[in-house]
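The chain contents come next:
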Amino acid sequence: MSDLLSRYDSSMLNVFGAPKLALTRGHGVWVEDEKGRTFMDLLGGIAVNVLGHAHPAISDAIVTQSQKLIHVSNFFTTEQVVTLGEELRSIVSLRRMSEPMDARVFLSNSGTEANEAALKIVKAWANTQGKRRILALTHAFHGRSIGALSLTYKTQYREPFAPLIPDIEWIPAGDEEALERAFDEGVAGLFLEPIQGEAGVIPLSYEYLRLARSLCDTHGSLMVVDEIQTGMGRTGAWMAHHAADIVPDVVTLAKGLGGGMPIGATITVTERATSVLTPGMHGTTFGGNPVCAAAALATIDTIRTDDLINHAHVLGNNWIQALRSLEHSLIAEVRGRGLLIGIELAEPIAQAAVIKAQENGFIINAATPTTLRLAPALIISEDEAESFNSALPEILNDAKGQKL
C-alpha cells in the first residue's frame, strides 16, 4: 500500500472500502496516479466529468467566480444562480427562454439532495390531495439519505437503517401490466430512472415511460424522473426522457450538471408540482453556490458549443454496435444509449474484469457482478473508444482465469 493510501486508511471513515488508486492529475479522459501511471477514465467520476478532467472552460469559470463571490447563502442570489435556473428551465422544458414555462428550479449539492427535495414535493402534494402511496421501481437507486434511500430498492442499502419512510412500494421495472395494476387514486407519485444505471444500465422503453405519464395524469399523481445519471447529454439528448416525448412533473439532476463540481437540481416542470413548496418548507445553506453555478453554466455552454450531445449520440451508438460485434463468448449483451453503456457478461466476473482493465490502463466499473458500466466524458474520441474495444477480449479472458 502506498503512503497516501495508507494515510487514507488511517484517517477516513470506511464507507467506500479501500481506494483503488490515488490520483494526482488528469486531462481529458486521462488520469495519472501518484506513481506516474496513466489510465483512460471510462467511468468519468461515475458519469460526472462530462467534459473530462481539467477542462479549461470549467477551470476558468471556477477561478473567475471564486475571485468575486464564493458563497452568499440562500438569503441572497447572484447572476450565476439566476442564469443557471433560466438555462435549466429551458433545457428540461425544451423551450426557448422567451416562451412561457411553469418550470422552476431548486439548487442543492448532490443527486441525493435533489431526490430528497423531489420526495418532499410528492409527500406535500399527497397531503393536500388525501393520498399516501408512492411508487418506485425494482432495482431503483435514488440516493443514500433517509428519504432517497427509502426509494432505493437494494435491501442491503436499506436494512441497516430501517424503518425508513412508509408507504413506498416497488413495482417490477419495465412491466407495463404491473404498472397499470399498481395505480389507483391513492397514488401520490411515481419515481423512476429512464435508464437504471446502478442496476446494470437497463433502459426503460419509451412506451413504458409514456404509459407512466398517462397513468399519473389519469390518477392525479406526480411523475418524478430521476435524470441524475442520464441527464446533461449523457444519452445523446439533454435528458433521456426527451426521447420518449413526455413531460414529467419533476426532474432531478446532478452528476454531469457541474462537470465535476458538487451541484444538484430539482426542477418542477408542471404548474401543479411548482405550486407545492412555499417559503420555509425546504432549503439548504450551500445550494445555489455561485462557484458551482458558474461551473454548471460553463458545462452547459461547452456542451452546446462543441455539439457534444450529437457526439454522444453518434459515438455512443457506434460504440455499442462495435462492442456487440466483438461476439466474445463472455459478452452476453450490450445495453445503453449514448455514452452510458452496460456490458452484460455471461459469468459473474465483472469485478475481476475491472481489476484486469485497470492493469491494462482503463478505469471502468462493475455495476453488478455481471455488468460492466462505461460512462466516460462526452469528449471521448472514436480512437479512444476503439482502444478499449481492442483490449476488452483479453481483459475478459484474463478475468475469467482469475474470477474473484
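Everything that follows concerns the structure shown earlier in this document.
Note that the structure is a prediction, hence the values are computed from the model and not measured.

1. Notes on the overall build of the protein
Right, on to step 1. Per the secondary structure count, the protein includes 14 helices and 17 strands.
Right, on to step 2. Over its C-alpha trace the protein gives a radius of gyration of 21 Å, about what one expects of a compact globule, namely 22 Å for 404 residues.
Right, on to step 3. By principal-axis analysis of the C-alpha atoms, the protein measures approximately 60 × 55 × 45 Å.
Right, on to step 4. For the protein, with 404 residues in total, the buried portion stands at 55%.
Right, on to step 5. Within the protein, residue pairs in contact and separated by at least 24 positions form 70% of the contacts whose partners lie at least 6 positions apart.
Right, on to step 6. Only carbon and sulfur atoms are counted for the fraction: they give 52% of the accessible area of the protein, which is about 17800 Å².
Right, on to step 7. Each charge sign in the protein was given a centre, from 32 positive and 46 negative side chains, and these centres are 4 Å apart.

2. Side note on the packing of aromatic side chains
Right, on to step 1. For the structure on display, the rule yields 4 aromatic pairs.
Right, on to step 2. Arranged with centres 5.9 Å apart and planes meeting at 75°, the rings of tyrosine 153 and tryptophan 170 form a pair that is edge-to-face. A residue pair is termed long-range when its members are at least 10 positions apart, and tyrosine 153 in the loop between α6 (146-150) and α7 (155-158) and tryptophan 170 in strand β6 (residues 168-171) qualify at 17 residues.
Right, on to step 3. Since its relative accessible area comes to 25%, tryptophan 170 is described here as partly exposed.
Right, on to step 4. Seen in terms of ring centroids, phenylalanine 362 and phenylalanine 388 are 5.4 Å apart; in terms of plane orientation they differ by 75°. Their pairing is edge-to-face. A residue pair is termed long-range when its members are at least 10 positions apart, and phenylalanine 362 in strand β15 (residues 362-363) and phenylalanine 388 in helix α14 (residues 382-401) qualify at 26 residues. The exposure classification of phenylalanine 362 matches that of phenylalanine 388, with both residues buried.

3. A look at the packing of helix α12 (residues 308-325) against α14
Angle between the axes and distance between the axes: these two values describe a pair of packed helices.
Right, on to step 1. Taken N-terminus to C-terminus, the directions of α12 and α14 make an angle of 15°; their axes are 11 Å apart at the nearest point. Taken together, the axis directions place α12 and α14 in an arrangement best described as roughly parallel. Crossing geometry of α12 relative to α14 is assigned as right-handed. Taken together, the residues of α14 that come into contact with α12 (itself represented by Leu315, Trp319, Ala322 and Leu323) are Glu382, Ala385, Phe388, Asn389 and Leu392.
Right, on to step 2. A per-class count over the contact of α12 with α14 returns 7 nonpolar, 1 polar and 1 charged.

4. Some remarks on the nonpolar core
Where a protein is soluble and globular, its nonpolar side chains tend to be buried together.
Right, on to step 1. Among the nonpolar cores identified, the biggest contains 65 residues, and Leu253, Trp319, Ile343, Leu372 and Phe388 are the most heavily contacted of them.
Right, on to step 2. Setting aside residues up to four positions removed in sequence, phenylalanine 388 forms contacts with Leu42, Trp319, Leu323, Ile343, Phe362, Ile364 and Leu374.
Right, on to step 3. Grouped together as the second largest cluster of nonpolar side chains are 20 residues, Leu137, Leu192, Leu211 and Cys216 included.

5. Overview of the sheet that holds strand β3 (residues 38-41)
Right, on to step 1. Read across the open sheet, the 4 strands follow the order β1-β2-β3-β15; overall the sheet is mixed. Strands at the two margins of the open sheet, each flanked by one partner only, are β1 (23-27) and β15.

6. Thoughts on the environment of leucine 315
Right, on to step 1. As for its position among the elements, leucine 315 is in helix α12.
Right, on to step 2. Overall, leucine 315 belongs to the buried group, its relative accessible area being 7%.
Right, on to step 3. When the C-alpha atoms of leucine 315 and glycine 338 are compared, they prove to be 7.1 Å apart, with 23 residues separating the residues in sequence.
Right, on to step 4. Leaving out residues up to four positions away in the same chain, leucine 315 has contacts with Ile380, Ser381, Glu382 and Ala385.

7. Some words on the sheet that holds strand β16 (residues 365-368)
Right, on to step 1. In space, the 4 strands of this open sheet follow the order β13-β14-β17-β16, with antiparallel pairing throughout. A strand with exactly one partner marks an edge of an open sheet, and here the two such strands are β13 (331-337) and β16. When the angles between neighbouring strand axes are averaged without regard to direction, this sheet yields 30°.

8. Some points on a negative patch on the surface
Right, on to step 1. Where like charges cluster on the molecular surface, the negative patch consists of Glu176, Glu177, Glu180 and Glu207.
Right, on to step 2. Within the fold, glutamate 177 resides in helix α8 (residues 176-182).
Right, on to step 3. The exposed category is assigned to glutamate 177, whose relative accessible area is 55%.

9. A closer look at the pairing of β1
Right, on to step 1. Both β1 and strand β2 (residues 30-33) contribute to a ladder of 4 bridges, which runs antiparallel. Across the sheet, glycine 26 pairs through a bridge with valine 31, a residue of β2.
Right, on to step 2. Where β1 folds back onto β2 in an antiparallel hairpin, the turn is made up of 2 residues, including glycine 28, whose phi is positive at roughly 65°.

10. Some remarks on the pattern of salt bridges
Right, on to step 1. Within this structure, the stated rule accounts for 16 salt bridges.
Right, on to step 2. Two residues, arginine 7 and aspartate 3, come together in a salt bridge whose shortest N-O distance is 3.8 Å. Here aspartate 3 and arginine 7 lie together in helix α1 (residues 3-11), a separation of 4 residues that amounts to about one turn. Residues arginine 7 and aspartate 3 agree in their burial class; the two are exposed.
Right, on to step 3. When salt bridges with common partners are traced through the structure, they connect Arg213, Asp217, Asp249 and Arg272 into a single cluster.

11. Focus: the packing of helix α13 (residues 350-359) against α14
Right, on to step 1. Their axes nearest at 8 Å, the elements α13 and α14 cross at an angle of 125°. Considering the angle they form, α13 stands oblique to α14. Note that α13 runs across α14; the crossing there is right-handed. Residues Ala352, Ala353, Lys356 and Ala357 of α13 form the contact with α14, whose own contacting residues are Ile395, Leu396, Asp398 and Ala399.

12. As for the side chain of asparagine 389
Right, on to step 1. One can find asparagine 389 in helix α14.
Right, on to step 2. Only 2.7 Å separates the side chain of asparagine 389 from the side chain of tryptophan 319, close enough to count as a polar contact.
Right, on to step 3. Not counting the four nearest positions on each side in its chain, asparagine 389 is found in contact with Trp319, Ala322, Leu323 and Leu326.

What counts, and where the lines are drawn
All residue numbers refer to position in the chain's written sequence, counted from 1. Note on the predicted model: pLDDT of at least 70 is required for a residue's local features to be given, and 80 or more for side-chain atom pairs to be given and counted; whole-chain, interface and lining totals, by contrast, use all residues. Each side-chain value is worked out from all heavy atoms of the structure, with water and hydrogens disregarded. Secondary structure counts use DSSP, requiring at least four H or I residues in a row for a helix and at least two E residues in a row for a strand, with both numbered from the N terminus. Note on method: radius of gyration uses C-alpha positions; expected globular size equals 2.2 Å times residues raised to 0.38. In this scheme, a residue with accessible area under 20% of its type's maximum is buried, one over 50% is exposed, and one in between is partly exposed, where area comes from a 1.4 Å probe on protein chains only. The contact criterion used is simple: two residues touch if any of their non-hydrogen atoms lie within 4.5 Å. Note that accessible areas follow from Shrake-Rupley with a 1.4 Å probe, and for residues the cover is restricted to the protein chains shown. Positive charges come from Lys and Arg alone, negative charges from Asp and Glu alone, with His and the N- and C-terminal ends not counted. By convention, the charge on Lys lies at NZ, on Arg at CZ, on Asp at CG and on Glu at CD. Only Phe, Tyr and Trp rings are paired, with Trp represented by its six-membered ring, and only when their centres lie within 6.5 Å; those with planes under 30 degrees apart are stacked, over 60 edge-to-face, the remainder tilted. Each axis is a line fitted through C-alpha atoms, taken for helices only over the stretch in contact, and angles between the N-to-C directions span 0 to 180 degrees. Every angle not falling under 35 degrees, over 145, or within 65 to 115 is termed oblique; those three ranges are roughly parallel, roughly antiparallel and roughly perpendicular. We call a crossing left-handed when the near helix sits turned anticlockwise from the far one by less than a right angle, and right-handed when that turn is clockwise. Each residue is assigned to one of three groups, with Ala, Val, Leu, Ile, Met, Phe, Trp, Tyr, Cys and Pro labelled nonpolar, Asp, Glu, Lys and Arg labelled charged, and all others, Gly among them, labelled polar. Residue types Ala, Val, Leu, Ile, Met, Phe, Trp, Tyr and Cys, when buried and joined through side-chain atoms within 4.5 Å, form a set referred to as a nonpolar core. Should DSSP find at least two bridges between two strands, the strands are regarded as paired. Only residues whose relative accessible area exceeds 30% and that form no salt bridge are eligible for patches; like-charged ones are grouped when within 9 Å, while nonpolar side chains (Val, Leu, Ile, Met, Phe, Trp, Tyr) are grouped when within 5 Å. By salt bridge we mean one thing: a side-chain nitrogen of Lys or Arg within 4 Å of a carboxyl oxygen of Asp or Glu. A 3.5 Å cut-off defines polar contacts: any pair of N or O atoms within that distance qualifies, except that in protein one atom must be a possible hydrogen donor and the other a possible acceptor, and neighbouring residues in sequence count only when both atoms are side-chain atoms.

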